Amino acid sequence: MKRRVRIVSILTMLLAASSGGLAAQRKADPLAGLDQYVERVRQAWHLPGVAVGIVHRDSLIYAKGFGVKEIGKPDPVLPTTIFAIGSNTKSFTSTAAAMLVDDKVMSWNDRVTRWLPGFQLYDPYVTRELTLRDVLSHRSGLGRRGDPLWYGTSYSRDEILDRVRHLTPNAPFRTELGYQNIMFLAAGEMVGRAAGMSYDDVVRRRIFTPLGMERSSLSTNGLAQQSDVSTPHAIADGAAKPIPWRNLDNAAPAGSINSSIVEMSRYVRMHLANGVYGGTRLVSAANLAVTKTPHINSGGAGDSLSGTTGYGLGWVVTSYRGARIAWHNGGIDGMLSEMWTLPDAQVGIIVLTNGAPHSAGPAIVMNIVDRFLLGAPSKDHLAEELEQNRAAMARQAEQAKRMTDSRVMGTRPSLPLERYAGTYTDPLYGDLSVAVQGDRLVFRWQSVDASAEHWHFNTFREGARSFTFQLDANAKVSELEVSGLATFRPKKSD
């Protein structure tokens, strides 16, 4: 009997120790030391300000600002500070579409031309078959091209969608992921037509209002009159410099939303709750799940920690150490953002920053993901991101060196500068003017205003952008190739 009691006592002690260890693990604070880590990341990337929010089980458990809203000024970043979220707007567009699919006023498989009758793409077959599902999943075949058509231009949404018919495809329809902002503009305009109001009003009424996102907006207009608004910054050579806000009204469905950690957390909570917020269902779980179902593979087979990655409808869909993840990032002049959801762990992460370029967001997000999935960071994500940035900068420097080394010295333009001047045009991008200013040529197209020096032969250059003229047999300009934009041709007089 005594021996049995001793065995039972030992087992009891072991079980108690084991349960105590498990309890300690459960009680371990996943946020311990996070403040210090975020601040280390902020300083390493020379960011003026960072805001971080963490949602867990329908509660905002962490909401903090670091640094300042504008470099050189004392106003600190707060959880309520407004930032641009850039392409994280895309999931708002797909969520709005899901709501209208719930209402049975539209379908995921509606052809674009049902709602936008005049819409055309370069390929008539794609024009006829392109659907809402296609434009929300970047599988139109157009690739990451055409952005200069809306970025910083005066073209309206309608004119952008009219001109995109001249953009030639770079891949067969529905064969590969080609990130396409203009197709998201088309999706947003479809949503507006189906709802009988503007896209902007759909988002305000169906998402912002029920979620209490009172200070969130779809335009930079009016931000100057608000308080608690961050300032965008360009970061170069370890220094941050304030720059103007970029207005994206003409491509709003692709990336125009401005918001804060506090208000974005409500949107994330709704997604983690499969469409429910504050006890009210805003969108069905079924159609919300469609937005987070891979519709096209992003390429690659994953690795030992991550599964294959695909694109849903406004969300990147992947996994990490067996945990499902739906995420997106966003970037516009001077501001970068991250928004991640881990539905199995019921965790959502938002990182907003007021500087660019940098990889601070991924370094912060992955540190937080590790804390909740593993109990501690798996690696120094900051060091990894900094090393990747160093390697990228080295590649850019080498590319710039190759460009400089390729310059043929001692050449002259084939023609007097005045004979290059004039108006050139392209069916996609419109008119571009060339004028003479001293010993330089000035190229003006929408927001491009470049004073370019002679580089070699018939090429002129300003920074990384080159302008190359081609001459015909009569020594007249036949083409003007603008790097990163298009090939323009002399505009004929009416």
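Residues numbered from 1 in each chain as written. Predicted model: local features only at pLDDT ≥ 70, side-chain atom pairs only at ≥ 80, totals over all residues. Heavy atoms only, no water.

Enquirer: So what exactly am I meant to see when it comes to the packing of helix 3 (residues 89–102) against helix 9 (residues 199–211) here?
Expert: The relative placement of two packed helices comes down to the angle between their axes together with the axis-to-axis distance. For the pair helix 3 and helix 9, the least separation of the axes is 10 Å and the interaxial angle reads 80°. The orientation of helix 3 with respect to helix 9, classified from their angle, is roughly perpendicular. Between helix 3, through Thr-89, Phe-92, Thr-93, Thr-95, Ala-96, Met-99 and Leu-100, and helix 9, the contact on the second element is made entirely by Tyr-199, Val-202, Val-203, Arg-206, Ile-207 and Phe-208. When the residues that make up the contact of helix 3 with helix 9 are grouped by side-chain class, the tally is 9 nonpolar, 3 polar and 1 charged. (Axes fitted to C-alpha atoms, helices over the stretch in contact; angles between N-to-C directions. Helix = DSSP H or I, 4+ residues; strand = E, 2+ residues; numbered from the N terminus. Parallel < 35°, antiparallel > 145°, perpendicular 65-115°, else oblique. Contact = heavy atoms within 4.5 Å. Nonpolar A, V, L, I, M, F, W, Y, C, P; charged D, E, K, R; others polar.)

Enquirer: Would you take a moment to explain the sheet that holds strand 9 (residues 296–297) for this structure?
Expert: For sheets, the rule is that strands pair by backbone hydrogen bonds, running either parallel or antiparallel. Strands sit in the order 2-1-14-13-12-11-10-9 across an open sheet of 8 strands; the sheet is antiparallel. Each edge of the sheet is formed by a strand with only one pairing partner; in this case those strands are strand 2 (59–67) and strand 9. Judged from the 7 bridges that link them, strand 12 (residues 323–332) and strand 13 (residues 335–342) form a sheet pairing that is antiparallel. When the sheet's bridge partners are listed, Gly-330 is paired in strand 13 with Ser-337. (Pairing = 2+ DSSP bridges.)

Enquirer: Any chance you could explain the sheet that holds strand 16 (residues 430–437) here in plain terms?
Expert: Taken in spatial order, the 8 strands of this closed barrel run 15-16-17-18-19-20-21-22, and their pairing is antiparallel. Neighbour to neighbour, the strand axes of the sheet diverge by 30° on average, direction disregarded. Of the pairings in the sheet, the one linking strand 16 to strand 17 (residues 440–445) comprises 5 bridges and is antiparallel in character. In the strand pairing of strand 17, Val-436 is matched with Leu-441.

Enquirer: Looking at this model, I keep getting lost on the nonpolar core. Mind explaining?
Expert: A general feature of soluble globular proteins is that nonpolar side chains tend to end up buried together. In terms of nonpolar packing, the biggest core is built from 132 residues, with Phe-92, Phe-119, Phe-443, Phe-469, Leu-480 and Phe-488 touching the most fellow members. In terms of residues, this core owes the most to one element, helix 8 (residues 181–195), which gives 9 residues. In this view, Phe-119 contacts Val-112, Thr-113, Thr-127, Leu-130, Leu-161, Val-164, Met-183 and Ala-186; residues no more than four positions away in its chain are not counted. (Core = buried A, V, L, I, M, F, W, Y, C linked by side-chain atoms within 4.5 Å. Buried < 20%, exposed > 50% of the residue type's maximum accessible area, 1.4 Å probe, protein only.)

Enquirer: Sorry, what's going on with the packing of aromatic side chains here?
Expert: For any two aromatic rings, the description comes down to two numbers: the centre-to-centre distance and the angle of the planes. For the structure on display, the rule yields 12 aromatic pairs. Note on Tyr-420 and Phe-460: the rings are 5.7 Å apart at their centroids and 70° apart in plane angle, and the pair reads as edge-to-face. Placement of Tyr-420 in the loop between helix 14 (381–405) and strand 15 (422–426) and of Phe-460 in strand 19 (residues 459–462) is noted, with a sequence separation of 40 residues between them. Judged by its relative accessible area of 0%, Tyr-420 is buried. Taking the centre distance of 5.6 Å and the plane angle of 90° together, the rings of Tyr-429 and Trp-445 count as edge-to-face. Here Trp-445 lies in strand 17 and Tyr-429 lies in the loop between strand 15 and strand 16, a separation of 16 residues in the sequence. Taken as a pair, Tyr-429 and Trp-445 share a single burial class, namely buried. (Phe/Tyr/Trp six-rings, centres within 6.5 Å; stacked < 30°, edge-to-face > 60°.)

Enquirer: Looking at this structure, I do not really get the pairing of strand 12. What am I missing?
Expert: Two faces make up the sheet, and in a regular strand the side chains alternate between them. Most of strand 12 is tucked away, with 7 of its 10 residues classed as buried. Two successive antiparallel strands, strand 11 (residues 316–320) and strand 12, enclose a turn made up of 2 residues, where Arg-321 displays a positive phi of approximately 50°. Between the end of strand 12 and the start of strand 13, which pair antiparallel, lie 2 residues, with Gly-334 showing a positive phi angle near 80°.

Enquirer: What exactly am I supposed to notice about helix 3 here?
Expert: Because an α-helix completes one turn every 3.6 residues, residues spaced three or four positions apart along the sequence face the same direction. Here helix 3 contains 14 residues, and its C-alpha end-to-end distance of 20 Å stays within 8% of the 20 Å for a straight helix at 1.5 Å per residue. In terms of burial, helix 3 is a largely internal element, 13 of the 14 residues being buried. Once helix 3 ends, the next one or two residues include Lys-104, with phi positive near 65°. (Expected span 1.5 Å × (residues − 1).)

Enquirer: Any chance you could explain the environment of Ser-284 here in plain terms?
Expert: By the element assignment, Ser-284 lies in the loop between strand 8 (280–281) and helix 12 (285–291). Residue class for Ser-284 comes out buried when judged on its relative accessible area of 18%. When near neighbours in sequence (up to four residues on either side) are disregarded, Ser-284 contacts Asp-102 and Asn-274. Polar side-chain contacts of Ser-284 include one of 2.6 Å to the side chain of Asp-102. Looking at Ser-284, its side chain comes within polar contact range of the main-chain nitrogen of Asn-287, at 3.1 Å. (Polar contact = N/O pair within 3.5 Å; in protein donor to acceptor, adjacent residues only side chain to side chain.)

Enquirer: Sorry, what's going on with the environment of Thr-131 here?
Expert: Position of Thr-131 among the secondary structure elements: in the loop between helix 5 (124–129) and helix 6 (132–136). Each C-alpha atom, one on Thr-131 and one on Arg-111, is 4.1 Å from the other, the two residues being 20 residues apart in sequence. Residues in contact with Thr-131, not counting those within four places in the same chain, are Trp-108, Asn-109, Asp-110, Arg-111, Val-112 and Arg-174.

Enquirer: How should the pattern of salt bridges be read in this particular structure?
Expert: Think of it this way: side chains of opposite charge can pair up when their charged atoms draw near. Tallied over the entire structure, the rule returns 27 salt bridges. Notably, a salt bridge pairs Arg-246 with Asp-333, separated by 3.1 Å at the nearest N-O pair. Linking Arg-246 in the loop between strand 5 (239–242) and helix 10 (252–255) with Asp-333 in the loop between strand 12 and strand 13, this pair joins segments that are 87 residues apart in sequence. Here the salt bridges share partners, and the residues they tie into one network are Arg-111, Arg-128 and Glu-129. (Salt bridge = Lys/Arg side-chain N within 4 Å of Asp/Glu carboxyl O.)

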